[in-house]
Amino acid sequence: MAPTANAPMSSPKLGEGSIATPWEQLQGSCSWKGLLEPLNADLRASLIAYGELAEAAYDGFDAHENSPHAGSCMYSQAGLLAAYGMSHPEYYTVTKFLKATWEPRLGQSPESMAIGKALFVQQPEKPGRIESRTNWIGYVAVATDEGVKALGRRDIVVAWRGTVKILEYPKDVEFRYKSAAQVLAGDFSDANVRSGILDVYTTNNPIENHIMPMIVRNSARDQVVAEVRRLVEKHQHEKTSITVTGHSLGASLATLNAVDIAAHAFNVPYSRPEQTPCPVTAILLASPHVGDENFKSAFASFPALRALHVRNSGDKVPPADENMNVATAVLHIDMDRSPYLNLRPDDEITRHNLECYLHGLAGDQGDGKAFSMVVDRDVALVNKSADALKDDYPVPANWWAINHKHKIKGVVGRWTFDNIMDI
């Protein structure tokens, strides 16, 4: 039976003992050979689950520049996954929120300016604030004991948020490259990545205090590396995995983060350097071009590192030339095959939308086969931040809103902003 717009929100059925395929294969131990055509049922469920973790990084973000919490997560660490409505919030607990900084400055490349404007929002003015934007960019989570029973191991997840505005590059923009040495160890001096993406990952945020101008807050890289290392050390006697995921520019950040972890052996407990590295897997959705051919070669050189790129055939963001793709394997979907969607030929934004990607993952059966919702995922979700459903499904467009945008009515009858934890 096909799902309806009134069906309950439901996705992967990952209960204890329900995963027939060994988790190592789902994480890419065999480079997903034999699992993509046709798409393995357990892999389909796993990809949707990681896509939901990436979606939570979008849905929790306050992108309204006139909000006092602009640029922050609107939920606490404990409440984020349940508030988003993911299928199994009980499988993971968020342990760390991540922040990134973008500094508009003279001489910055047009590409970097475009990425900064699309990825960050300006926060409310404060006395002494320097001209930079520090925004919530994602989170680190770890599988709970219940999650371990369902997943087969202690999974450490890093989820990166993508753009909150349309990314508009200037006409005829040329991508600038920087050395990838900061995220690669060893002899990879000729490997380069796009400067705008690397800047988001590695830029420090100066403390907004004129008394201590030389002190810096950690970059997004410093924050995520410290938390991943802490969790790897804490769970060193368990079977563990590290999964890094993101959509759009979030997928680009996930690519840098994943290779950074593998290259610097952050997937090995620092107290037991002789231990076999745990696998690092990047689940990339709609990823743009990240680096050059030398970076691609460097990425492929780490035995414990794998990447699976999910791309929609009508999405213009992933590179047309797949030789520029660093991923170990690519899963092609085509959401235009869905009988639920009403997509205009020129609707590039919807074809890049993450919830529409998850809809495609739930039902696309590949070339020459009819679309079938083999995963019971509510079709209403595709209209959360889009207008993609056919009129047969009476779901308002762009219906997702967060509790009156965290406005609450006080005891004197006036509306004010609720306090938000962990911001």
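Colleague: Looking at this structure, how should I read the overall build of the chain?
Modeller: Helix and strand counts for the chain stand at 12 helices and 13 strands. By residue count, 55% of the 423 residues in the chain fall in the buried class. Across the chain, contacts joining residues at least 24 apart in sequence account for 70% of those joining residues at least 6 apart. When the accessible surface of the chain is totalled, it reaches about 18600 Å², and 52% of it is carbon and sulfur.

Colleague: What's the story with the pairing of strand E3 (residues 154-160) in this structure? I'm lost.
Modeller: Successive side chains on a regular strand alternate, one facing one side of the sheet and the next facing the other. Summarising burial for E3: seven of the seven residues are buried, a large majority. Alternating positions in E3 separate into two faces, Arg154, Ile156, Val158 and Trp160 on one and Asp155, Val157 and Ala159 on the other, with burial throughout. The sheet contact formed by strand E2 (residues 133-143) and E3 spans five bridges and is antiparallel. Paired with Tyr139 across the strands is Ala159, a residue of E3. Examined bridge by bridge, E3 and strand E8 (residues 240-247) share seven bridges and lie parallel to one another. Bridge pairing links Asp155 to Ser241 in E8.

Colleague: Looking at this model, I keep getting lost on the nonpolar core. Mind explaining?
Modeller: Among soluble globular proteins, nonpolar side chains are generally buried collectively. Counting 62 residues, the largest nonpolar core has Tyr92, Tyr139 and Leu361 as its most contacted members. It is helix H2 (residues 41-59) that provides the largest number of residues to this core, a total of nine residues. With sequence-adjacent residues up to four places away left out, Tyr139 is seen in contact with Leu53, Ala56, Ala57, Leu80, Leu81, Val94, Lys96, Phe97, Leu98, Val157, Val158 and Ala159. The next biggest cluster of nonpolar side chains, apart from the first, holds 54 residues, and it includes Ile137, Leu231, Leu253 and Phe299.

Colleague: In this structure, what is going on with empty space enclosed by the protein? I would like to understand it.
Modeller: Gaps between atoms show up when a probe of the same size as a water molecule is rolled over them. Counted under the stated rule, the structure contains three cavities of 30 Å³ or more. What the second largest cavity holds in volume is close to 70 Å³. Thr255, Leu284, Ser287, Pro288, His289, Val290, His309, Pro319, Met324, Asn325 and Val326 together form the lining of the second largest cavity. Looking at the lining of the second largest cavity, its residues break down into six nonpolar, five polar and no charged.

Colleague: Looking at this structure, how should I read the confidence of the model for the chain?
Modeller: Detailed reading of the predicted model is not advised wherever pLDDT is low. On average, the chain scores 86 in pLDDT, and the residues at 70 or more come to 83%. Note on residues 1-12: pLDDT under 50 across the span, and 35 contacts to partners over four residues away in sequence or across chains.

Colleague: Explain the packing of helix H4 (residues 110-119) against helix H6 (residues 195-202) here, please?
Modeller: Between H4 and H6, whose axes approach to 8 Å, the crossing angle comes to 50°. Judged by the angle between their axes, H4 and H6 are oblique. Between H4 and H6 lies a crossing whose hand is right-handed. Across from Glu111, Ser112, Ile115 and Leu119 in H4, the residues of H6 making contact are Ser195, Gly196, Ile197, Asp199 and Val200. Residues of the contact of H4 with H6, tallied by class, amount to four nonpolar, three polar and two charged.

Colleague: Looking at this structure, I do not really get the packing of H6 against helix H8 (residues 249-263). What am I missing?
Modeller: In contact at an axis separation of 10 Å, H6 and H8 are set at 65° when each is read in the N-to-C sense. Judged by the inter-axis angle, H6 sits roughly perpendicular to H8. Judged by the sense of rotation from one axis to the other, the crossing of H6 with H8 is right-handed. Facing H6, whose interface residues are Ile197, Leu198, Val200 and Tyr201, H8 presents Leu249, Ser252, Leu253, Leu256, Asn257 and Asp260. Per-class residue counts for the contact of H6 with H8 are seven nonpolar, two polar and one charged.

Colleague: Is there a simple way to explain unusual backbone geometry in this structure?
Modeller: Pro38 follows Glu37 through a cis peptide bond whose omega is -5°. With a phi close to 60°, Ser31 is a non-glycine residue in the positive phi region. Positionally, Ser31 belongs in the loop between helix H1 (23-26) and H2. Positive phi values are uncommon outside glycine, yet Trp32 reaches one of about 65°. Tracing the sequence through the fold places Trp32 in the loop between H1 and H2.

Colleague: Hey, could you run me through the pairing of E2 in this one?
Modeller: Along E2, 11 of the 11 residues are buried, which leaves the element largely enclosed by surrounding structure. Across 10 bridges, the pairing between strand E1 (residues 92-102) and E2 is antiparallel. Bridged to Thr101 within E2 is Thr134.

What counts and how
Residues numbered from 1 in each chain as written. Predicted model: local features only at pLDDT ≥ 70, side-chain atom pairs only at ≥ 80, totals over all residues. Heavy atoms only, no water. Helix = DSSP H or I, 4+ residues; strand = E, 2+ residues; numbered from the N terminus. Buried < 20%, exposed > 50% of the residue type's maximum accessible area, 1.4 Å probe, protein only. Contact = heavy atoms within 4.5 Å. Areas by Shrake-Rupley, 256 points an atom, 1.4 Å probe, with all protein chains shown as cover. Pairing = 2+ DSSP bridges. Core = buried A, V, L, I, M, F, W, Y, C linked by side-chain atoms within 4.5 Å. 1 Å grid on protein atoms, 1.4 Å probe; cavity = no way out; pocket = protein on both sides within 12 Å on 5 of 7 lines; lining within 4 Å. Points joined across faces, edges and corners; volume = space filled by probe spheres on them. Nonpolar A, V, L, I, M, F, W, Y, C, P; charged D, E, K, R; others polar. pLDDT = per-residue confidence, 0-100. Axes fitted to C-alpha atoms, helices over the stretch in contact; angles between N-to-C directions. Parallel < 35°, antiparallel > 145°, perpendicular 65-115°, else oblique. Left-handed = near helix turned anticlockwise from the far one by under 90°.

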